[in-house]
Structures are given as C-alpha cells and as structure tokens.
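# Observations on chain architecture
Each chain, letter by letter, is given below.
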Amino acid sequence: MPHSYTSRICGTGSYVPARRVTNEEVSTTFALHDQDVFRVTGIRARYWSEADETCSHLAERAARQALESSGLSSEAMDAILVSTTSPDTPFPSTACALQERLGTRRVAAFDLAASCSGFLYGLSMADAFIRSGQFRNCLVVAAEVKSRFLHVSQPASGLLFGDGAGAAVVTREESSSRHTAAGIMAIQLYSEGACHDLITIPAGGSRHPMSRETIRGHQHSIRLQGGAVYRVAVKRLTEAVRTILHETHTNLSEVKQVITHQANGRMLHTIAKRLGVRQDQLVSIVDQVGNTSSASLPMAVDWAYRQGKFREGDLILLGAFGGGLTWGTALIRW
C-alpha cells in the first residue's frame, strides 16, 4: 500500500546584517527628506551588507537558526533550496555554497529565481518533494543582498531595498500520525511574463551582456516602475488570497495571521483593507527591515512565530508578489 505523506514547517530562522541604514542616510543620498521616505514607503530603516558579506553568508546564518529551531541537524537534510536573485555568483549556485558552509552530506542543492515570490516557490517544491516520498527533510532558504544593485539614479528602488535572509525546515509527516491536521494545506503559484519589465535589472545576462555602455548607463541596478507594480500587485494578490480561501473552504476570520511579502507599508495596508484583514491579523516588519525581496516572507514568518503571534494548530495565510511577474499564496496549519 503506497504511503501518504504531508509536509509541515518545523523550524524557522532569519538574519539581517549588522549595518542599519536609516531614512536619514538614504534621504541624503537621494536628496529627499527622511519623513518623505517613510510617508511614501512605510520604511524607517533597512540593513545593508558589508563588502565581505555574501548571499551565502546571510543564508547560512538564517539556516542555522532554522535548524536549531527544528531540533534537526544539517546532516538530516535531504535537499537545500535557495531562493535568490542576488546570488554569490551566476553559477555555481548559492545553494551549493550553502551546502559547503553547513557541512551537510552530498544532498540535492539548487537555486531558484522567482524574485520576491521565491520563498513560496521553494516551499511548494519542498512540499512536492516530500509528498512524493523522494525526500524527508528540506531546507528552504531565501537570501538577498539587494544593496549591491542600487544606484542613486534609481530612487524608486534605492529607498526600498534591504538585505536579509529567512529560512524554514520542512519535514515529512505520516498522514496517519497525530499531526494529521498540521502542515501545508495548499500552495498556489502564478506568473504573468508580459509584465516582466516592471521590475528588472536590464543588463548582465545573455540579452545585454556586461559592457562599457551597460556600466555607464547604470543598467546593472534595479529598475522599478513603482506605480504600475503597486497597482498590479494589489489586484493580483487580493484575487489570489480570495481564490485560495474559496478553494480550501476557509473563512478569513479563521486565519490567525496573514503574512505577505513586505514590499512597502502602503501596499500591505491597502491589500489588508481590500480583503478585510483585521489589524491584529496582519504581520508587518517592513518599517524596520525594508523590502528584502524573497527573504521578506520567511523573515516575517520567523519574527511572528518568535513573537508568539501564532502557535501550533493556528491557520497562517502567506502571500507574495514580485518580478517576473510572479505571485502566490499558501495556507498552512501550524
């Protein structure tokens, strides 16, 4: 008789670099008033890496915290999935660098790039690996060093982005165990490639290889069409949340915490208002860490868990939206 498996998150972790960058420092760079930065973004500070801090360094710190939280060792991991669009190098993968740092067995390790939705994409892959019976334990990490890709010519992105990492250990549960009700109930992922140019780094790939012209044109920095991204993100993520609630026969009032990508404060509160999310249901850390791209969702989950915002048995709703365009939602029984 074939086994029936479910997966659940059994440990979380997060990490930000030591250097805290306030709005006063950022506003000086972009010739703005620091209160204007907060008014537009809802961000008071963000963290930027030092020159010797890489994506894999941040990933390791978050991963070790998640492993400690889970009670499992790195040797127990069967796969390492790293979401990033700011890797150590184009190749080999940052996941392989993380595997070396952690000193694990020769397990499966690879990167995935779905921008700010990357953690949900990685979580979905880990869930599928575990449900299929291929793996028992997966380490899913999202780590970003976005400060390397900011330029004074692009204030829309320069005000928002910070560096950080978040991680989760996803483990197998036998469907017949006492934890039957716990685990990942549903994950839904989407994309709209026609809008790929709304958030992009124009050069550095095969389309526009690095050249004197691309460097002079600052085409290796993040370009963000803020207004368009805001409108599409609010619409798509609101639709996606309603869809997953409908398809899982879940009422929003049953959800303990709603945790979404920490893009900016205005977007968080607009989505919450449209959905009817209560203030006590909404997790927001964007004011203190900024937009850390794909790392923001697992960082917010880890923060909320350690603050006691939810506990075993609670329903948690996750949502993310980012470049690609990509977006997704997940419903989890903790």
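Residues numbered from 1 in each chain as written. Predicted model: local features only at pLDDT ≥ 70, side-chain atom pairs only at ≥ 80, totals over all residues. Heavy atoms only, no water.

## Thoughts on the overall build of the chain
- A tally of regular secondary structure across the chain gives eleven helices and 13 strands.
- What you see for the chain is a C-alpha radius of gyration of 19 Å, in line with the 20 Å of a compact globule of 334 residues.
- Here the C-alpha coordinates of the chain stretch approximately 65 × 45 × 35 Å along the principal axes.
- Out of the 334 residues belonging to the chain, those deemed buried represent 55%.
- Residue pairs at least 24 apart in sequence account for 77% of intrachain contacts in the chain once pairs closer than 6 positions are excluded.
- Carbon together with sulfur atoms contributes 50% to the accessible area of the chain, which is approximately 14800 Å² in total.
- In the chain, the 34 positive side-chain charges and the 30 negative ones have mean positions that sit 4 Å from each other. (Helix = DSSP H or I, 4+ residues; strand = E, 2+ residues; numbered from the N terminus. Rg over C-alpha atoms; globule rule 2.2 N^0.38 Å. Buried < 20%, exposed > 50% of the residue type's maximum accessible area, 1.4 Å probe, protein only. Contact = heavy atoms within 4.5 Å. Areas by Shrake-Rupley, 256 points an atom, 1.4 Å probe, with all protein chains shown as cover. Lys, Arg positive; Asp, Glu negative; His and termini not counted. Charge placed at Lys NZ, Arg CZ, Asp CG, Glu CD.)

## A short note on unusual backbone geometry
- With omega at 5°, the peptide bond leading from F91 into P92 counts as cis.
- For P92, the position within the fold is in the loop between β4 (79–83) and α4 (94–102).
- The omega torsion of the bond from G324 to L325 falls at -15°, within 30 degrees of zero and hence cis.
- For L325, the position within the fold is in the loop between β12 (315–322) and β13 (326–333).
- Notably, S115 is not glycine yet its phi reads approximately 55°, a positive angle.
- What makes S115 buried here is its relative accessible area of 14%.
- Phi at H249 is positive, roughly 55°, even though this residue is not glycine.
- On the secondary structure map, H249 appears in the loop between α8 (226–247) and β11 (255–260).

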